[in-house]
Every structure is written in structure tokens, then in C-alpha cells.
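# Structure at a glance
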Amino acid sequence: MKRSKLTIALAVIALASCDKHSSEEPVAEPQQKAPAKTESTSEESRTKPVPPLEEPFMKDIDAKQAGEFFKLQRPLVVLDVRTPGEFAAGHLKGAVNLDFNSAAFKEELAALDPEKTYLMHCQSGGRSGKAKAAFTELGFKYLYHLDGGYAAWEDAGLPTEK
């Protein structure tokens, strides 16, 4: 009799400990408050570039991915390394032309801010692929390379300007 009472007591304790609806509530992690936004009127704060969201990188991306940057309105400098004639025939909105074949290419590239984020391309990816070495040599930290170049951009039906 004592044994059956002990068995029943142990069974009740075991079942109670397996109850899925525990009366204990999970402890919530403390939430961090977002820093208060302050509006600055200084010229420096309005012109200071927003730092990229990632560690330094050099990534090849396709036209669709590159097009997303324009939708997100993320600070980005578009560098078109085609010839001035190719650039005049059509280019990405707001692009800056630095001719890879120019004798002054490296000098002009060195004059740019290596801390900004760049999207670089040529017509099909050949010249811009070669230009990546110059970006690395000059200490650029944030570079997206448009795989397939301007041709891939046009094939994707993305907007251009003349």
C-alpha cells in the first residue's frame, strides 16, 4: 500500500513538472531605446556622408541588386569607367564618368573619397573588372561592381539618362 501511494505521488509530481502551460512567464530581454533624434543645422552634418552598413567590402552584384540601391536611396556614388563617348550615349542617373583608358584614370580615382560607397561599371564588365585592382591599391573600402556592366543594366530595363 505504501508503495502504491509512493508511485502515485511520483507520477503526480512527474506529470506536474511536464505541464506545457507553466505558470512562469518568460523573462523578456531588456529593450534598448533608440537614441533621440536631434536636428542639427550645421552645414557639416548635412553634407557628411552616411557610413555604409557593413564592414569594408568589394562585391560583384547584378543589375537587379544594383537597381535596389536607387530604390532605397542609399548614399552611393556611381562611377562609369567607360569612354566619354559611351557615357554620352547613355548612363545611369547621376553617374560620374572616369575613363579607365585615360592616362589620368588613377590620378582622378585617387582624388575621390575612399570612405564613400561606390557602384562601379563599364559596358560589359571587362574594364571595370580590371579597375577593381586600382580601387584596392588606393584604399577604397566600399565598392560594388556591376557584373555585366551598363549592358546588363539596360537588359534589365532599368532607367538610364543621356
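Below is a short write-up of the structure.

Reading the values: rules and limits
Residues numbered from 1 in each chain as written. Predicted model: local features only at pLDDT ≥ 70, side-chain atom pairs only at ≥ 80, totals over all residues. Heavy atoms only, no water. Helix = DSSP H or I, 4+ residues; strand = E, 2+ residues; numbered from the N terminus. Contact = heavy atoms within 4.5 Å. Pairing = 2+ DSSP bridges. Axes fitted to C-alpha atoms, helices over the stretch in contact; angles between N-to-C directions. Buried < 20%, exposed > 50% of the residue type's maximum accessible area, 1.4 Å probe, protein only. Salt bridge = Lys/Arg side-chain N within 4 Å of Asp/Glu carboxyl O.

### Observations regarding the environment of Asp113
Tracing the backbone shows Asp113 in the loop between helix 5 (105-110) and strand 4 (117-121). Between the C-alpha atom of Asp113 and that of Lys141, which follows or precedes it by 28 residues, the distance is 9.9 Å. Apart from residues lying up to four places away in sequence, Asp113 is in contact with Tyr118 and Phe140.

### Points about the sheet that holds strand 4
Taken in spatial order, the five strands of this open sheet run 1-5-4-2-3, and their pairing is parallel. Edge positions in the sheet fall to strand 1 (57-61) and strand 3 (96-97), since each has one partner strand and no second. The strands touched by helix 3 (residues 63-72) are strand 1, strand 2 (77-80), strand 4 and strand 5 (142-146); relative to strand 1, the strand with the most contacts, the crossing angle is about 115°.

### A word on helix 6 (residues 126-137)
Within helix 6, burial applies to Arg127, Ser128, Ala131, Lys132, Ala134 and Phe135. Contacts made by the buried residues of helix 6 are with strand 1, strand 2, helix 4 (84-89), helix 5, strand 4 and strand 5. The first or second residue beyond helix 6 is Gly139, which carries a positive phi of 85°.

### Notes on the pattern of salt bridges
One pass over the structure, following the stated rule, counts five salt bridges. Its salt-bridge partner being Glu86, residue Arg127 comes within 2.8 Å of it at the nearest N-O pair. With Arg127 in helix 6 and Glu86 in helix 4, this pair connects stretches of sequence that are 41 residues apart. Among the ionic pairs, Lys106 bridges to Glu137, the shortest N-O distance being 2.8 Å. Linking Lys106 in helix 5 with Glu137 in helix 6, this pair joins segments that are 31 residues apart in sequence.

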